[in-house]
Amino acid sequence: RVTNGRMLYGERLVEFLRGFPGDTLKLSYAINFQRGDLEEAAPLLASPLRAVVLENLPMLDDSGVGAVLATSAATLEHVDVSYPHDCFTGSCLAEFAPHMSNLSHLNLSGCKGLVNETLVTLAAHLAPTLRVLNLMQCRRLTNEAVVS
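Within any chain, residue numbers begin from 1 and follow the written order of that chain's sequence. Only residues with pLDDT of at least 70 get local features here, since the model is predicted, and only at 80 or more are side-chain atom pairs given and counted; chain-wide, interface and lining totals rely on the full set of residues. Processing note: side-chain calculations cover all non-hydrogen atoms of the structure and skip hydrogens and water entirely.

Novice: Which parts of the structure should I look at to understand the overall build of the protein?
Specialist: Numbering goes from the N terminus for both helices and strands, where a helix is a DSSP run of H or I of at least four residues and a strand is a run of E of at least two. In terms of helices and strands, the protein carries six helices and six strands. Ordered by position in the sequence, the α and β elements of the protein form the string β-α-β-α-β-α-β-α-β-α-β-α. Here the C-alpha atoms of the protein give a radius of gyration of 14 Å, agreeing with the 15 Å that 2.2 N^0.38 yields for 148 residues. Structurally, the protein occupies a C-alpha span of about 45 × 25 × 20 Å along its principal axes. The rule is simple: take the accessible area with a 1.4 Å probe, protein chains only, and divide by the maximum for that residue type; under 20% is buried, over 50% is exposed, in between is partly exposed. Per-residue burial for the protein yields a buried fraction of 47% across its 148 residues. Within the protein, residue pairs in contact and separated by at least 24 positions form 82% of the contacts whose partners lie at least 6 positions apart. Accessible surface, the protein as shown: approximately 7100 Å² in total, 53% of it carbon and sulfur. In this description the radius of gyration comes from C-alpha coordinates, and the expected globular size is given by 2.2 Å times residues to the power 0.38. Two residues form a contact once any of their heavy atoms are found within 4.5 Å. Note that accessible areas follow from Shrake-Rupley with a 1.4 Å probe, and for residues the cover is restricted to the protein chains shown.

Written as C-alpha cells, this is what we have:
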C-alpha cells in the first residue's frame, strides 16, 4: 500500500512506483500532481491493483485514470476518483467497465464533468457487483441517468 500526500509527483512518483508490488494506490490531495504523471507511472506497477484512491487531484483527467484502468481494471474492487479536474467526464470508466467485474465500490463524488452517458454505461456493466456508488456533487448528471 502506498499513500501519497504532496511529496510524490512527476519523476519521483514514476521512480517510486517502478515495480511497486502493492495492491492499493492512494494519491490524495497531491496538489503538485501533473497531467501525465499517472500515464507514465501506471505501466510500471509490478502487479495489478485491487484498490485505487485518486482523491482531490486537481489535474487528474480521463487519460490518467485510464492508464491505471489499463493495468488493473480486471482486479479492481475499489475505485475512488473524487474531485478530479473539471474536464474529467468518466469516459475512461465507461471504456473499461466491461472489464471491471470485481468492482464493488465506486466513488465519483465531485466529478463535475461526469456525463449521463457514462453513468448509464457503468450501470449496465457494473450492476451485478457494485455495492457502493457515490455521486455526491456530480452536477451534470440528470435524474434520468441516476435512475438507470
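Novice: What should I look at first to understand the nonpolar core in this one?
Specialist: Note on soluble globular proteins: their nonpolar side chains tend to be buried together. Residues belong to a common nonpolar core when they are buried Ala, Val, Leu, Ile, Met, Phe, Trp, Tyr or Cys residues joined through side-chain atoms within 4.5 Å. The biggest cluster of nonpolar side chains holds 43 residues, and the ones touching the most others in it are V65, L93 and L108. It is helix α3 (residues 62–72) that provides the largest number of residues to this core, a total of four residues. Once residues within four sequence positions are removed from consideration, L93 is found in contact with V65, L69, F88, M100, L108 and L122.

Novice: Is there a simple way to explain helix α5 (residues 116–126) in this structure?
Specialist: Given 3.6 residues per helical turn, the α-helix brings residues three or four places apart onto the same face. Among the residues making up α5, those that are buried are T118, L119, L122 and L126. Buried residues of α5 fall within an arc of 95° about the axis and therefore sit on the same side. Across from the buried face of α5, at angles greater than 90 degrees, the exposed residues are E117 and A124. By definition, the arc is the one covered by directions from the helix axis to the C-beta atoms.

Novice: Even after reading the chapter, I still don't get the state of the cysteines, so can you show me in this structure?
Specialist: Linking two cysteines covalently through their sulfur atoms gives a disulfide. To count as a disulfide, a pair of cysteine sulfur atoms needs to be within 2.5 Å. Scanning the entire structure with this criterion turns up zero disulfides. Not part of a disulfide, C111 finds its nearest cysteine sulfur in C138, a span of 5.1 Å. Assessed through its relative accessible area of 0%, C111 is described here as buried.

Novice: Even after reading the chapter, I still don't get the pattern of salt bridges, so can you show me in this structure?
Specialist: Side chains that differ in sign of charge can pair as their charged atoms come close. Any carboxyl oxygen of Asp or Glu within 4 Å of a side-chain nitrogen of Lys or Arg constitutes a salt bridge here. Going through the model one piece at a time under the given rule, you end up with three salt bridges. Here R35 makes a salt bridge to D61, at a shortest N to O gap of 3.4 Å. Taken together, the residues span a long stretch of sequence, with R35 in the loop between β2 (24–28) and α2 (37–41) and D61 in the loop between β3 (51–55) and α3 at a distance of 26 residues. Residues R50 and E77 are paired through a salt bridge, measuring 3.5 Å at the closest nitrogen-oxygen approach.

Novice: Would you mind showing me how to read α3 here?
Specialist: Here α3 lies mainly inside the structure; eight of its 11 residues are buried. Along α3, the residues that are buried comprise D62, G64, V65, G66, A67, V68, L69 and S72. Looking at the buried positions of α3, the neighbouring elements they touch are α2, β3 and α4 (91–96).

Novice: Even after reading the chapter, I still don't get unusual backbone geometry, so can you show me in this structure?
Specialist: Note on backbone geometry: most residues besides glycine have negative phi, and most peptide bonds are trans. Despite not being glycine, N56 has its phi angle at roughly 55°, a positive value. Structurally, the position occupied by N56 is in the loop between β3 and α3. One non-glycine residue, Q137, lies in the positive phi region at around 60°. Summarising the element assignment, Q137 is placed in the loop between β6 (132–134) and α6 (143–147).

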